[in-house]
Amino acid sequence: QVQLVESGGGLVQAGDSLRLSCTASGRTFSRYAMGWFRQVPGKERVFVAVISGSGIINYLESVKGRFTISRDIAKNTVYLQMSSLKLEDTAVYYCAARSGAWAYDSPSEYDYWGQGTQVTVSS
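Some words on the state of the cysteines
Point 1. Inspection of every chain in the model, using the stated rule, returns one disulfide.
Point 2. Across the disulfide, Cys22 is cross-linked to Cys95 (sulfur-sulfur distance 1.9 Å). Residues Cys22 and Cys95 are joined through a disulfide that is right-handed, its torsion about the S-S bond being 50°. Taken as a pair, Cys22 in strand E3 (residues 18-26) and Cys95 in strand E9 (residues 91-98) lie far apart in primary sequence, 73 residues in all.
Point 3. Classification of Cys22 by relative accessible area gives buried; the value is 0%.
Point 4. Taking relative accessible area as the criterion, Cys95 reaches 0% and is therefore assigned buried.

Focus: the nonpolar core
Point 1. If you look at the biggest cluster of nonpolar residues, it comprises 28 residues, and the most contacted ones within it are Leu4, Trp36, Phe67, Leu80, Met82 and Tyr93.
Point 2. Setting aside its immediate chain neighbours within four residues, Phe67 contacts Arg38, Val48, Tyr59, Leu80, Gln81, Met82, Ser83, Leu85, Asp89 and Tyr93.
Point 3. With five residues, the next largest nonpolar core counts Phe37, Phe47, Val50 and Ala96 among its residues.

Comments concerning the sheet that holds strand E1 (residues 2-7)
Point 1. The antiparallel open sheet is built from four strands, whose spatial order is E1-E3-E8-E7. Bordering the open sheet on either side are E1 and strand E7 (67-72), each of which pairs with just one other strand. The mean angle between the axes of side-by-side strands here comes to 15°, regardless of whether they run parallel or antiparallel.

Remarks on the pairing of strand E11 (residues 117-122)
Point 1. Alternating residues of E11 divide into Thr117, Val119 and Val121, all buried, and Gln118, Thr120 and Ser122, none buried.
Point 2. Taken together, the three bridges between E9 and E11 define a ladder with antiparallel strand orientation. Residue Tyr93 lies in a different strand from E11, and its bridge partner there is Thr117.

Basis of the calculations
Residues numbered from 1 in each chain as written. Predicted model: local features only at pLDDT ≥ 70, side-chain atom pairs only at ≥ 80, totals over all residues. Heavy atoms only, no water. Disulfide = S-S within 2.5 Å. Helix = DSSP H or I, 4+ residues; strand = E, 2+ residues; numbered from the N terminus. Buried < 20%, exposed > 50% of the residue type's maximum accessible area, 1.4 Å probe, protein only. Core = buried A, V, L, I, M, F, W, Y, C linked by side-chain atoms within 4.5 Å. Contact = heavy atoms within 4.5 Å. Pairing = 2+ DSSP bridges. Axes fitted to C-alpha atoms, helices over the stretch in contact; angles between N-to-C directions.

Here it is in structure tokens:
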């Protein structure tokens, strides 16, 4: 069993930066792909970024150039550095892990999920 805990969310102004962290505990594998998703009330959970077990990275088009996903395998932690935040980035952000190295953008492909951390961007 893998447990994921997100942190780093908060209230920021448009244009600000924020870094989210997700730390895994329990049974973990260094080759797991790790992803970030976000969800707004009444909407489906959508893909934001993923880093594969081999370090390959993909992003949602609307966050390219603004968000950076990274991982520290030794710390069992994945990060999402967000810059130039926009109002539309407001959501609950979730980290997720899948028991495989390949990166996918569908929530259904992921086996483990964190509890979510709120990011609110105001003008």
